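Tertiary structure, described
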Amino acid sequence: MSLKLVTAPTPATILVVDDEPSMRRYLQTVLEVDSHRVLTAASGPEAIERVQAGPPPDLVLLDLVMEPLDGLQTLERLHQLRPGMKVVMLSCVSDTRKVVQAIRLGAQDYLTKPFQKAELDAVLNHCLSQAPLPPEFEGQTGEVEELSDDLFFVAASPAMRKIREQVDQVVNVNVPVLMLGESGTGKEVVARLIHKLSPRSHRTFLKVNCAALPADLLESELFGYEAGAFTGATRAKPGKFELCDKGTILLDEIGEMPPALQAKLLHVLQDQQFSRLGSRSVVNVDVRILAATNVDIQQAIASKKLREDLYYRLNAFTLHLPPLRERREEIPLLIRHFMGLFAARYGRTPLPISPNLIEACVRYSWPGNLRELENFVKRYLILGDENLVLSELEAAREASLGGDTSSSGAPPKTDPQDLKSLVRSLKDEAEMEAIKRTLERTKWNRKEAARLLKISYKALLYKIRQYNIDRP
Ligand SMILES: Nc1ncnc2c1ncn2[C@@H]1O[C@H](COP(=O)(O)OP(=O)(O)OP(=O)(O)O)[C@@H](O)[C@H]1O
Ligand SMILES: [Mg+2]
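Structure report, in brief. What you see is a predicted model; the values in this text were computed from it and never measured.

Describing the overall build of the protein
- Along its length, the protein carries 19 helices and 16 strands.
- Across its three principal axes, the protein shows a C-alpha extent of roughly 85 × 60 × 40 Å.
- Considering only intrachain contacts with a sequence separation of at least 6, the fraction spanning at least 24 residues in the protein is 71%.
- Here the protein displays about 22,700 Å² of accessible surface, and carbon together with sulfur accounts for 51% of that area.
- Mean positive and mean negative side-chain charge positions of the protein (61 and 62 charges, respectively) differ by 4 Å.

Okay, here's the thing in structure tokens:
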């Protein structure tokens, strides 16, 4: 928190919740000097009562460590009562984990005790000047499930709750599950969730990216080989199917699997049997097969990229992961979740998440879905400059409007499997090529390239990053 000269904030009603009388007195005095109206409470339950009884305060200063309800529990209850209420946590240096949780739960900012008056003023100024969130995004709660130390499944929208229910229906039945959805919508997360909730959870989960390897390598990777099966195969090696016996395998980007291998896979699906390369004996395995793809499945079948019989085997149960722009109501919760997660991962204190920031994020269309949102939050955490990341987001929005004037920041609802997503990916490719060519032409003079491309300089910078275009 920088200690620039801060003017006293506009007078507001502030509820101070702290079990230490001296802290309450100190805050009451300094706040009243600045003409704020101050209410106090010595415990969580008392604070809840006050908020229930009277008109809600403009802001709550809430101690983290209290009895019988601690600051986190109190925060949750306050937000249930008054969704969107602005709360600033009062913490101690050792409470980092709890601060992370508080931000995740919707606290707007925090102060570390002991703090100076200038720090208090800066935080109050910032919080009180922010417009409240639009009502539809207030008080948004959702389920957060931990899949492993660093991986979570968040579901807060009706669409994702439905997915969560569908997952429950399939976890105990050993049928293949096909996950469809644009890139970054969470197909792999859902696959891991299925494995974790299934009776196989204590066994291996493996992911194989079918697009990453050439056909013969992918075959030996999946099915293994005997010594002498091909030049260089000095020793026998089991494949992923064998390593995954009694476990779960995720065949990622199944639409890219070479057709010859698709036939072999079909066989595994039918008989749970296969042979290693160079072997005549069969191996029996009990592997649960999950598959995922972001390509248009009907088109992949029509163009014979995906075998129809394999498709019918795989799609016993299909989960359609909706793009983030079709579940915008989850965005505030996801931002808080990612902020907490990355703050913990990188050992940083989480940054405040202002209503301005949330609103801009809710308006943006996130073509890269949750992965893009994740990167946005990471960038904000690392750069620490809200205005900067917001202007980048605006540039990204402008850039996406450049090619498609119909979308005005809120693209029309589209089925991820339809023609539009195909057109979009082709458009992206064409756009990237055009940018590369123009940059070559202008010898990487980006101002000139932006002028030629008729987009703003900021939009060009964004696109260079988005497409990972490197200077030769
Ligand atoms: N429901 C969710 N809750 C929390 N985090 C999520 C959720 N869905 C996705 N993520 C996060 O977003 C990122 C992208 O998710 P994931 O890798 O599952 O997407 P994907 O659909 O498999 O994308 P691709 O098609 O590009 O492989 C991951 O870092 C993941 O942790
Ligand atoms: Mg994936």
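There's more to say after this.
So, a nonpolar patch on the surface
- On the surface, Tyr-346, Ile-382, Leu-383 and Leu-388 cluster together to form a nonpolar patch covering roughly 340 Å² of accessible area.
- Tyr-346 gets classed as partly exposed once you look at its relative accessible area, which sits at 37%.

Looking at the site of ligand 1
- The environment of ligand 1 is made up of 17 residues, and the closest members are Val-154, Ser-183, Gly-184, Lys-187 and Glu-374.
- Between an oxygen atom of ligand 1 and a main-chain N or O atom of Gly-184, the distance comes to 2.8 Å.
- Residue Glu-374 places a side-chain N or O atom 2.6 Å away from an oxygen atom belonging to ligand 1.
- Within the complex, the protein chains bury 88% of what would otherwise be the 630 Å² of accessible surface of ligand 1.
- Elements supplying a minimum of two residues to the shell around ligand 1: β7 (151-155), α7 (187-197) and α15 (369-383).

Focus on the packing of aromatic side chains
- Here the structure, examined in full by the defined rule, presents 10 aromatic pairs.
- Ring geometry for Phe-223 versus Phe-241: centroids 5.4 Å apart, planes at 20 degrees, classification stacked. Here Phe-223 is found in helix α8 (residues 215-223), whereas its partner Phe-241 is found in helix α9 (residues 240-243), with 18 residues between them in sequence. Just as Phe-223 is buried, Phe-241 falls in that class too.
- With a centroid separation of 6.0 Å and 45 degrees between ring planes, the pair formed by Phe-241 and Phe-274 is classed as tilted. You can see Phe-241 sitting in helix α9 and its partner Phe-274 sitting in strand β13 (residues 273-274), a full 33 residues away along the chain.
- Owing to a relative accessible area of 0%, Phe-241 belongs among the buried residues under this scheme.

With respect to the sheet that holds strand β2 (residues 37-41)
- Taken together, the 5 strands give an open sheet; going across it, the order is β2-β1-β3-β4-β5, and neighbouring strands pair in parallel fashion. For this open sheet the edge positions go to β2 and β5 (109-112), each flanked by a neighbour on one side alone. On average, each strand axis in the sheet is inclined to that of its neighbour by 20 degrees, with strand direction left out of account.
- Relative to strand β3 (residues 59-63), strand β1 (residues 13-17) is paired through 4 bridges, and the arrangement is parallel. Looking across to β3, one finds that Val-17 is bridged to Leu-62.
- Strands in contact with helix α5 (residues 117-129) are β1, β3, β4 (87-91) and β5; relative to β5, the strand with the most contacts, it is inclined by about 175 degrees.

Some words on the packing of α8 against helix α10 (residues 259-271)
- Two numbers describe how α8 lies on α10: the axes approach to 11 Å, and their chain directions differ by 15 degrees. The orientation of α8 with respect to α10, classified from their angle, is roughly parallel. Here α8 and α10 pass one another in a crossing that is left-handed. Note on element contacts: α10 touches α8 through Leu-261, Lys-264, Leu-265 and Val-268, opposite Ala-215, Leu-218, Glu-219 and Phe-223.

Things to note about the pattern of salt bridges
- All told, the structure shown has 26 salt bridges when counted by the stated rule.
- The partner of Lys-113 in a salt bridge is Glu-20, with the nearest N and O atoms 4.0 Å apart. Taken together, the residues span a long stretch of sequence, with Lys-113 in the loop between β5 and α5 and Glu-20 in the loop between β1 and α1 (21-33) at a distance of 93 residues.
- The class of Glu-20 is partly exposed, set by a relative accessible area of 38%.
- Here Glu-226 makes a salt bridge to Arg-276, at a shortest N to O gap of 3.7 Å. Residue Glu-226 is located in the loop between β10 (224-225) and β11 (237-238), and its partner Arg-276 is located in the loop between β13 and β14 (283-284); the two are separated by 50 residues in the primary sequence.

Some words on α15
- Its 15 residues give α15 an end-to-end C-alpha distance of 21 Å, which sits within 8% of 21 Å, the value for a rise of 1.5 Å per residue.
- All of the buried residues in α15 are Asn-369, Leu-370, Glu-372, Leu-373, Phe-376, Val-377, Tyr-380 and Leu-381.
- Following α15 by one or two positions, Gly-384 adopts a phi angle in the positive range, close to 65 degrees.

Remarks on the side chain of Ser-220
- By the element assignment, Ser-220 lies in helix α8.
- On the accessibility criterion, Ser-220 (10% relative accessible area) is buried.
- Discounting residues that sit within four places of it in the chain, Ser-220 has contacts with Tyr-225, Phe-230, Gly-239 and Leu-277.

Observations regarding the nonpolar core
- Membership of the largest hydrophobic core comes to 57 residues, with the highest contact counts inside it found for Leu-62, Met-89, Ile-335 and Trp-366.
- Beyond its immediate stretch of four places on either side in the chain, Ile-335 contacts Ile-353, Leu-357, Ile-358, Cys-361, Leu-373 and Val-377.
- Counting residues in hydrophobic clusters, the runner-up holds 34 residues, among them Leu-178, Phe-241, Ala-291 and Leu-306.

Quick word on the pairing of strand β15 (residues 288-293)
- Of all 6 residues in β15, 6 are buried, a share of seventy percent or more.
- Burial along β15 is two-sided: Arg-288, Leu-290 and Ala-292 and Ile-289, Ala-291 and Thr-293, pointing in opposite directions, are all buried.
- Judged from the 4 bridges that link them, strand β8 (residues 177-180) and β15 form a sheet pairing that is parallel. Within β15, the residue paired with Leu-178 across the bridge is Ala-291.
- Here strand β12 (residues 248-252) runs beside β15; their pairing, made up of 5 bridges, is parallel. Residue pairing across strands places Thr-248 opposite Arg-288, the latter belonging to β15.

What counts, and at which threshold
- Residues numbered from 1 in each chain as written.
- Chains lettered and ligands numbered in written order.
- Predicted model: local features only at pLDDT ≥ 70, side-chain atom pairs only at ≥ 80, totals over all residues.
- Heavy atoms only, no water.
- Helix = DSSP H or I, 4+ residues; strand = E, 2+ residues; numbered from the N terminus.
- Contact = heavy atoms within 4.5 Å.
- Areas by Shrake-Rupley, 256 points an atom, 1.4 Å probe, with all protein chains shown as cover.
- Lys, Arg positive; Asp, Glu negative; His and termini not counted.
- Charge placed at Lys NZ, Arg CZ, Asp CG, Glu CD.
- Patch = residues over 30% accessible without salt bridge, like charges linked within 9 Å, V, L, I, M, F, W, Y side chains within 5 Å.
- Salt bridge = Lys/Arg side-chain N within 4 Å of Asp/Glu carboxyl O.
- Buried < 20%, exposed > 50% of the residue type's maximum accessible area, 1.4 Å probe, protein only.
- Near = heavy atom within 4 Å.
- Polar contact = N/O pair within 3.5 Å; in protein donor to acceptor, adjacent residues only side chain to side chain.
- Phe/Tyr/Trp six-rings, centres within 6.5 Å; stacked < 30°, edge-to-face > 60°.
- Pairing = 2+ DSSP bridges.
- Axes fitted to C-alpha atoms, helices over the stretch in contact; angles between N-to-C directions.
- Parallel < 35°, antiparallel > 145°, perpendicular 65-115°, else oblique.
- Left-handed = near helix turned anticlockwise from the far one by under 90°.
- Expected span 1.5 Å × (residues − 1).
- Core = buried A, V, L, I, M, F, W, Y, C linked by side-chain atoms within 4.5 Å.

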